Amino acid sequence: MPPADTSLAANAPSGAEGARRAPLPSPTAAPPPTPDPPLLLFEQVSKWYGTVLALNQVTLELTGGITGLVGANGAGKSTLLRMANGQLKPTLGRVTIRGLDAWDWRARRRVGYCPDLDAFYEDLSGRQFVWTLARLCGYTRAEATERTERVLERVGMRERANRTLRGYSKGMRQRIKLAQALLHDPELLILDEPLSGIDPIGRQELLELFQQLASQGKCLLISSHELEALEKLTNHVAIMARGRIAAVGTLRQIRDLLEDYPLSVRIDVDQPRELARAVLALAEVQAVSLASGDTPGLVVQARHPKRFFQAFGRLVVEQHVEVHRVEPLDESAHAILGYLLGGSGRT
Amino acid sequence: MTSLIELTAVTRTFGAFVALADITLSLPPGRIGLLGPNGAGKSTLLKLLMGLLTPTSGTGRVLDEQLGGDRDSAGNWRLRRLIGFMPEADALVPGLTGVEYVSLAGELYGLPRREAQRRAHEVLSYLELEEARYRRVEEYSAGMKQRVKLAQAVVHDPPVLLLDEPTSGLDPAGRDAMLRLIKALAIDHGKSVLLSTHLLADVEAVCERVVILAGGRVRGQGTVRELCARRQNRYRIRVQGELDRFRQELTAAGATVLSDDGHGEWRLAVPSGWANLTFFQLAHTTGALIRALIPDDETLEELFLRTVGV
Amino acid sequence: MTNQPPNTDTMPAQTDTLLRYRPWRGTPHGPLFATLAMARVSLRLLLRRRLMWGLFALGLLVFFFFFYAQYLMVWIETQLRTETVRFAGVPVTIDNLTRFLKRLALDGSVHTFGNFIWFQGYVLVIALALAGSVLVGNDFYYGSLPFYLAKPIGRWHYILGKCLAIGGLMTLLVTFPAILLWIEAGLLYDWKSYYFDNFDLLVGIVGYSLVLLVTLSLLVVATAVWLRRTVPLVLVWMGVFVYPQLLSTLLVDGLNFPDEWRLIDLWNNLYLCGLWCLQADPATIRPPGQPEFWQAGLVVAGVCAASLLYLRRRVQAVEIVT
């Protein structure tokens, strides 16, 4: 599991202090036994395109599991993913895969990349395309064929891979891209928008596939706009905004750090006004409003969520309240993103 | 109140391939979601509704216009004027500014030139593109491109909007903005919206009714509330703290834990006559903390997967 | 767990209260009106391109050359009758000066306009290749077709709109200047008799332009629908105009093949059709050895029909929803 580690860089005065810095070895003392270097490490990486600043002092560390990368368009997600891939070199800072620079060919061997744009030779069949890429990886013909079959089986395209790519639906194209990323059994899989344009059934299948890959020990970094699907997959997200990592960690931890925004909780009861009086007496509660909608209830704004739920639990037990629903309204990735980005909603 | 769309036993075949088989739909005006896996016939249905294809058999009607007339007839023009279509594809004309693009759309719908220009300015202001309307459309961001496509669908004030994946390629903020605008057009200005999309969350946010297509047939139609089963004795619970003891006590009290994701999110089935107070009492005694308790009704996604037969 | 859809109920509708959406009520026009709008906007789109301005400048150059040369032809004879012109001390006779101009037949007769349109054709052909890729190729490449065909217009209205835009371009480059040359010729010679005697020349000019317009606009739209990008379009266009011309000159003038081989040159066929409109005498056509007018007309009609059939197959409205 990824480290339970959180940081909110938006308030740091000198930019993103980041999740963790690699310890500098002291020159004279004996070096401590070094643990395995992290799978993916960004160290204070900045990247300029001319005068346009794409990434601004990004620090990120991944050791395993599934991490979601979310943010608005233009926040720098694609740049970050292409740097992890070794396609771009940082202007400042270092990107390393298990201690090696990311553009080193030995590092690239550990990384599989599933891009968001299709760049296929439309006249090839899926099988031929994957086989060609296997040969480009350096495998012999026999090994390439074997790997192609194995990888196509993995993504569920074995029967359908003989048609030309021109006729493929979006879901099939995504699977072919995923297949070519898995050819060389990478430790780190980088996926840029893997779920866009796929119907719900295909999405379910792909999510299961990602979970299988993660359980086999691979590390996945998935960038997506579909926050609901990401939340089903993983708890650990990195939020990007304006070229910086705004927050890294589990959703709950990030939410707890957003102290300016009290938690909104919807509570459905038969007698909302009576409960409202009791709830207002709790110290953590900042505001109570009566909920709109068909079922009667309250919407409570509370600070210090943990203490609030403890106090609320006690209140329910003492006063024998029959509660039909307790639902936090803004703990989702969607709400957190909204708060972090200022919530104006304009693109 | 005339129904929005009436289709009676509509079939459409392409040679030996049956794209739509025996579709019977009766949809009142309002916000309707059109769902279905790839290859279910959604695009064929949309083309039929716009008069670009004629049914091989069966009859249909959109508001007052019959389907199935000659493709280039006046009836067909009237049908297409009733509908504002927002395509999924890029569908922009590079080189034109936003205003020119939308006013061209207006003129193509038959508005006189000055009217079309005036409407273009108004519609672009309404859709929050006022500052960008004199810029060329190829320079727009993804969110702006989608909104300008919506603008060209609305410029002639049609009673029906057909939207094909309106939030594709948008980040979460852009998606919220687009859905808000669509809902405002539907509720505040009385337009009927037929939303064809793969994102079930969009349908949940905007639509009252859904139509589920699979394999060329209608597998379900109705309001979301009617179709999604109410499971009276199922709950989803999120707990922190002493999970094992709490779980033991729950099972002893008669509840069954159906699934456990390892992080304290459980789905439970409770016996009839269960009081939710029991949850809190047991939590209090065992030292667990309940952070959420939600009745586990069927979500749209579960409905979809059940209906489509997976 | 809480996979909530975005909560659009509580979001403020920011601009709605101030800039309310207003309904529109009125009688809409028919699809032909849409065709005119499309032609107008397409032409405007075309004239925004800098390359098009360059080509227009070139066309203007050709026009000015003919314009002043026609003027020169009239005056040079009278000038040189009274004075002698010397160039580096060597006296130059009238014939030396006018030999080139006489070959262009700049005397307000049939061949003036025929030759002008022939030369302007070089500029026109390049302009058409650009127009094709901008107007039609871009529609297919950037997927603008759903935008047009979801409107209450048919695919023939779409094609007509594009053809009209290209026709507008051709009018600006060819018809307008040719008519100006006709007016100038009349002013230079005795205008009363010129305009009345040669009124059929004006009709012929318009006829020639129409032949060009119909054939070339259909051909360029069909080719652009086939090859969406500029470079392949230019290559094929050269293949249709430049190479056959070289080939036919080689075959008929050089290797003495029968005259019918000139029919492979489409521009020559159009030239012959135009000369028929202008009612030129076949014996005066140069280079000598040309096929019959009706043969050229047949080839041109065939090209138009082929273009129309291809467009009928390729522009399918059903492609707009994927």
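Procedures and definitions
Residues numbered from 1 in each chain as written. Chains lettered and ligands numbered in written order. Predicted model: local features only at pLDDT ≥ 70, side-chain atom pairs only at ≥ 80, totals over all residues. Helix = DSSP H or I, 4+ residues; strand = E, 2+ residues; numbered from the N terminus. Buried ≥ 20, exposed ≤ 12 C-beta atoms within 10 Å, placed from the backbone. Contact = placed C-beta atoms within 7 Å. Nonpolar A, V, L, I, M, F, W, Y, C, P; charged D, E, K, R; others polar. Axes fitted to C-alpha atoms, helices over the stretch in contact; angles between N-to-C directions. Parallel < 35°, antiparallel > 145°, perpendicular 65-115°, else oblique. Left-handed = near helix turned anticlockwise from the far one by under 90°. Domains from an automatic or database assignment. Pairing = 2+ DSSP bridges. Expected span 1.5 Å × (residues − 1). Bend = angle between axes of the 7 residues up to and from the residue.

### A look at the overall build of chain A
Thinking step 1. Helix and strand counts for chain A stand at eleven helices and 15 strands.
Thinking step 2. Residue burial in chain A is summarised as follows: out of 347 residues, 45% are buried.
Thinking step 3. At a minimum sequence separation of 6, the contacts of chain A that also span at least 24 residues come to 70%.

### Details of the interface of chain C and chain B
Many structure descriptions define interface size as the accessible area lost when the parts assemble.
Thinking step 1. Listed as interface residues are 43 residues of chain C and, on the opposing side, 55 residues of chain B.
Thinking step 2. When residues of the side of chain C that touches chain B are traced back to their parent elements, those giving at least two are α1 (31–47) and α5 (145–149) of chain C.
Thinking step 3. The leading source of residues in the side of chain C that touches chain B is α1(C), at seven residues.
Thinking step 4. Across the side of chain C that touches chain B, the residue classes tally to 28 nonpolar, eleven polar and four charged.

### Topic: the interface of chain B and chain A
Thinking step 1. Counting residues at the interface gives 37 residues for chain B and 35 residues for chain A.
Thinking step 2. Those elements that place two or more of their residues in the side of chain B that touches chain A are α5 (142–154), α6 (172–188), α7 (200–206), α10 (277–286), β14 (288–295) and α11 (300–308) of chain B.
Thinking step 3. Tallying contributions element by element places β14(B) first for the side of chain B that touches chain A, with seven residues.
Thinking step 4. In the side of chain B that touches chain A, the residues fall into 22 nonpolar, ten polar and five charged.

### Some points on the packing of helix α8 (residues 199–226) of chain C against helix α10 (residues 266–277) of chain C
Residue and element names in this part refer to chain C.
Thinking step 1. In contact at an axis separation of 7 Å, α8 and α10 are set at 150° when each is read in the N-to-C sense. The orientation of α8 with respect to α10, classified from their angle, is roughly antiparallel. Regarding α8 and α10, the two cross each other, and that crossing is right-handed. Residues G204, G207, Y208, V211, L212 and T215 of α8 form the contact with α10, whose participating residues are L270, C273, G274 and C277.

### Some points on the environment of Q301(A)
All names here are of chain A.
Thinking step 1. By the secondary structure assignment, Q301 is in strand β14 (residues 297–302).
Thinking step 2. Along the backbone, Q301 and E331 are 30 residues apart, and their C-alpha atoms lie at a distance of 13 Å.
Thinking step 3. Sequence-distant contacts of Q301, defined by excluding residues within four places in its chain, comprise P262, S264, Q286 and A287.

### Some thoughts on the domain arrangement of chain A
Thinking step 1. Here chain A is described as being made up of domain 1 (7–23 + 34–256) and domain 2 (262–329).
Thinking step 2. One C-alpha centre belongs to domain 1 of chain A, the other to domain 2 of chain A; they are set 41 Å apart.

### Some details on the packing of helix α10 (residues 305–319) of chain A against α10(B)
Thinking step 1. Across the interface, α10(A) lies against α10(B) with an axial gap of 9 Å and an inter-helix angle of 120°. Every pair of crossing elements has a handedness; the one defined by α10(A) and α10(B) is left-handed. Where α10(A) approaches α10(B), its residues G313(A), R314(A), V316(A) and V317(A) are matched on the opposing element by L277(B), F280(B), Q281(B), A283(B) and H284(B).
Thinking step 2. For the contact of α10(A) with α10(B), the class distribution of residues is five nonpolar, three polar and one charged.

### Thoughts on unusual backbone geometry
Thinking step 1. Even without glycine at this site, H320(A) takes up a positive phi of about 50°.
Thinking step 2. Looking at the element boundaries, H320(A) is found in the loop between α10 and β15 (323–328).
Thinking step 3. The class for H320(A) is exposed, based on 10 C-beta atoms found within 10 Å.
Thinking step 4. One non-glycine residue, N256(C), lies in the positive phi region at around 60°.
Thinking step 5. Note that N256(C) resides in the loop between α9 (230–254) and α10.

### Here's the deal with the sheet that holds strand β2 (residues 17–27) of chain B
Residues and elements named next belong to chain B.
Thinking step 1. In space, the four strands of this open sheet follow the order β2-β1-β4-β5, with antiparallel pairing throughout. A single partner strand is all that each edge strand has here, and the edge strands are β2 and β5 (65–66).
Thinking step 2. Here strand β4 (residues 57–62) pairs with β5 via two bridges, running antiparallel. Opposite V62, over in β5, you have E65 as the bridge partner.
Thinking step 3. Packed on one face of the sheet, helix α1 (residues 42–49) meets β1 (5–14), β2 and β4 and runs near 120° to β1.

### Focus on α9(C)
All names here are of chain C.
Thinking step 1. The terminal C-alpha atoms of α9, which comprises 25 residues, lie 34 Å apart, in line with the 36 Å expected from a rise of 1.5 Å per residue.
Thinking step 2. Where α9 bends most, at G239, the angle is about 35°.
Thinking step 3. Within the sequence span of α9, burial applies to L233, W237, V240, F241, P244 and V252.
Thinking step 4. Against the buried residues of α9 lie α4 (110–141), α8 and α10.

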